[in-house]
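Summary of structural features
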Amino acid sequence: MRVPIIAGNWKMNTTAASCADLCRGILQGTDGVSGVEKVVCPPFPFLSIARDCLKGSSIRVGAQNVHWAEKGAYTGEVSHSMLAGLVEYVIIGHSERRAYFCETDETVNKKVAAALAAGLKPIFCVGETEAEREAGRTEEVLLRQVRLGLGGIQVPEGFAIAYEPVWAIGTGKAATAPMANEAIGLIRAEVARLAGAAVAQSVRILYGGSVTPDNVAELGSQPEIDGGLVGGASLDADSFISLVRQTAEAAAAKP
Ligand code: PGA
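Below, the structure is looked at part by part. All of these numbers come straight from a predicted model, not from anything done at the bench.

**Observations concerning the sheet that holds strand β7 (residues 204-208)**
Pairing between the strands of a sheet is mediated by backbone hydrogen bonds and can be parallel or antiparallel. An order of β1-β2-β3-β4-β5-β6-β7-β8 is seen for the eight strands of this closed barrel, with the pairing classed as parallel. Adjacent strand axes in the sheet meet at a mean angle of 25° when their direction is disregarded.

**Observations concerning the packing of aromatic side chains**
Using the criterion set out here, one finds two aromatic pairs in the structure. Both rings, one in Tyr100 and one in Phe101, keep their centres 6.4 Å apart while their planes meet at 75°; by these two values the pair is edge-to-face. With 6.2 Å between their ring centres and 55° between their planes, Tyr163 and Tyr207 make a pair best called tilted. Taken together, the residues span a long stretch of sequence, with Tyr163 in strand β6 (residues 160-163) and Tyr207 in strand β7 at a distance of 44 residues. We classify Tyr163 as buried; its relative accessible area is 0%.

**A short note on unusual backbone geometry**
Its identity is not glycine, yet Lys11 carries a phi of approximately 50°, on the positive side. Examined against the element boundaries, Lys11 turns out to sit in the loop between β1 (5-9) and α1 (16-30). Among the residues examined, Lys11 registers a relative accessible area of 21% and is labelled partly exposed.

**Observations regarding the pairing of β6**
Of the two faces of β6, the one lined by Ala160 and Ala162 and the one lined by Ile161 and Tyr163 are each fully buried. Judged from the four bridges that link them, strand β5 (residues 121-126) and β6 form a sheet pairing that is parallel. Within β6, the residue paired with Ile123 across the bridge is Ala160. As paired strands, β6 and β7 are joined by four bridges and run parallel to one another. Considered in β7, the bridge of Ile161 is made with Ile205.

**Examining the site of the ligand**
Taken together, 13 residues lie around the ligand, and Lys11, His94, Glu164, Gly170 and Ser210 are the ones closest in. At 2.7 Å from an oxygen atom of the ligand is found a side-chain nitrogen or oxygen belonging to Lys11. Look at the ligand: alone it shows 290 Å² of surface, and the protein chains cover 94% of it. Residue composition of the shell around the ligand, grouped by class: four nonpolar, seven polar and two charged.

**So, the nonpolar core**
Core analysis: the largest hydrophobic core is formed by 63 residues, its most contacted members being Leu83, Ile161, Ile187 and Tyr207. Residue contributions to this core peak at six residues, all from helix α8 (residues 177-195). Excluding its chain neighbours within four sequence positions, the residues that come into contact with Ile161 are Phe124, Val126, Leu150, Ile187, Val191, Val203, Arg204, Ile205 and Leu206. With 12 residues, the next largest nonpolar core counts Ala7, Val39, Ile91 and Leu229 among its residues.

**Regarding helix α11 (residues 237-252)**
The terminal C-alpha atoms of α11 lie 23 Å apart, and with 16 residues this matches the ideal 22 Å at 1.5 Å per residue to within 8%. Buried within α11 are the following residues: Ala237, Ser239, Phe240, Ile241, Leu243, Val244, Thr247, Ala248, Ala250 and Ala251. The inward-facing, buried residues of α11 contact β1, α1, β2 (37-41), α10 (216-220) and β8 (227-230). In this structure Asp236 caps α11, since a side-chain oxygen of it lies 3.2 Å from the backbone nitrogen of Asp238.

**Remarks on the packing of α1 against α11**
Remark: α1 packs on α11, axes separated minimally by 9 Å, with the N-to-C direction vectors making an angle of 35°. In this structure, the crossing between α1 and α11 has a hand that is right-handed. Here Leu22, Gly25, Ile26, Gly29 and Thr30 of α1 come into contact with α11, specifically with Ala237, Phe240, Ile241, Val244 and Arg245.

**Some remarks on the pattern of salt bridges**
Any two side chains of opposite charge can pair, given that their charged atoms come close. Applying the stated criterion across every chain, the model contains 19 salt bridges. Across the pair Lys55 and Asp52 runs a salt bridge, and its minimum N-O distance is 3.9 Å. Judged by its relative accessible area of 45%, Asp52 falls in the partly exposed class. Put simply, Glu88 and Arg60 hold a salt bridge, and the shortest N to O gap is 3.3 Å. Pair noted here: Glu88 is in the loop between α3 (80-83) and β4 (89-92) and Arg60 is in strand β3 (residues 59-63), with a separation of 28 residues, a long-range link. Among the ionic contacts, a cluster of salt bridges with common partners joins Arg2, Arg188, Glu224 and Asp226.

Criteria and thresholds
- Sequence order sets the numbering: in each chain, residues are counted from 1 along the sequence as written.
- Where totals are concerned, whole chains, interfaces and linings use all residues; where local detail is concerned, this predicted model gives features only for residues with pLDDT of at least 70, and gives and counts side-chain atom pairs only at 80 or more.
- Working from all heavy atoms in the structure, the side-chain values ignore hydrogens and water.
- Here, any two strands with at least 2 DSSP bridges between them count as paired.
- Comment: elements are numbered from the N terminus, with helices defined as DSSP H or I runs of at least four residues and strands as E runs of at least two.
- The axes used here are C-alpha line fits, helices contributing only the stretch in contact, and every angle between their N-to-C directions lies in the interval 0 to 180 degrees.
- Side-chain rings of Phe, Tyr and Trp (the six-membered ring for Trp) are treated as a pair once their centres are within 6.5 Å; stacked means planes under 30 degrees apart, edge-to-face means over 60, and tilted covers the remaining angles.
- Categorising residues by exposure relies on relative accessible area from a 1.4 Å probe, with only protein chains included: less than 20% of the type maximum marks a residue as buried, more than 50% marks it as exposed, and the intermediate range marks it as partly exposed.
- Any residue with a heavy atom lying within 4 Å of a molecule or strand is counted as near it.
- Two N or O atoms form a polar contact when they lie within 3.5 Å of each other; inside protein one atom must be a possible hydrogen donor and the other a possible acceptor, and for residues adjacent in sequence the pair counts only when both atoms belong to side chains.
- Under the convention used here, a 1.4 Å probe and the Shrake-Rupley method define accessible areas, while residue burial counts only the protein chains that appear.
- Gly is put with the polar residues, along with every residue not named as nonpolar or charged; the nonpolar set is Ala, Val, Leu, Ile, Met, Phe, Trp, Tyr, Cys and Pro, and the charged set is Asp, Glu, Lys and Arg.
- What is meant by a nonpolar core is a set of buried Ala, Val, Leu, Ile, Met, Phe, Trp, Tyr and Cys residues, joined one to another through side-chain atoms within 4.5 Å.
- Any pair of residues with heavy atoms lying within 4.5 Å of one another is described as a contacting pair.
- By definition here, a helix of n residues has an expected span of 1.5 Å times n minus one.
- Each crossing gets its hand from how the near helix is turned against the far one by less than a right angle, where anticlockwise is left-handed and clockwise is right-handed.
- Between Lys or Arg on one side and Asp or Glu on the other, a salt bridge is scored when a side-chain nitrogen of the former is within 4 Å of a carboxyl oxygen of the latter.

Take a look at the structure:
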């Protein structure tokens, strides 16, 4: 059985103090909850704060981006070797990075490869825009993103992918559970073509886009959905705790 993941993408939010408070709150409410991996992804300047607050606990820390080069003249960037040892996970190819910071399938591919080589665990994001869905291009877009993003990469067992339809992010308009399940099934089938059936069955594919304590149980009970990548609802400790607990319950109830 795949262990689901609840990952909080804090984006460009929190302060040093609120990051520490949030980590402590999440730690108190979820450290003992098993059957689900818990990950928090604060902004770069607060990663070591989160790491210190969560040291020795079951809660992992992730970054929100990484550069593929090890070092060099890349003003403002952070390399995989700087993150290795500081965090376990790293979000790669989030649609906000693709839309606002010119990330492409090719740069995302380089980042995934570099992160894996450095021993980091990517949370590789894919998802269609509203226009692409309305034009009937969802499958084509998702398969292209998976194929190019993972091209030439030996996908390890348990690898994490997040399916995040762009129209659902931060809008309060989540995909329905069957819709998300169907898209994730397409992604898993493409991973099977690239990496084989056994790896595809082990890969955790999260849903992201307006996940809240009100819809997480239904999403998490779908056969293909292995947890969530959560923005807004991960910025409140009680809400994050509820997401983790409900996800663990939904996973335990799966056949
Ligand atoms: P949201 O963001 O939960 O606020 O919609 C999800 C994400 O962007 O990862």
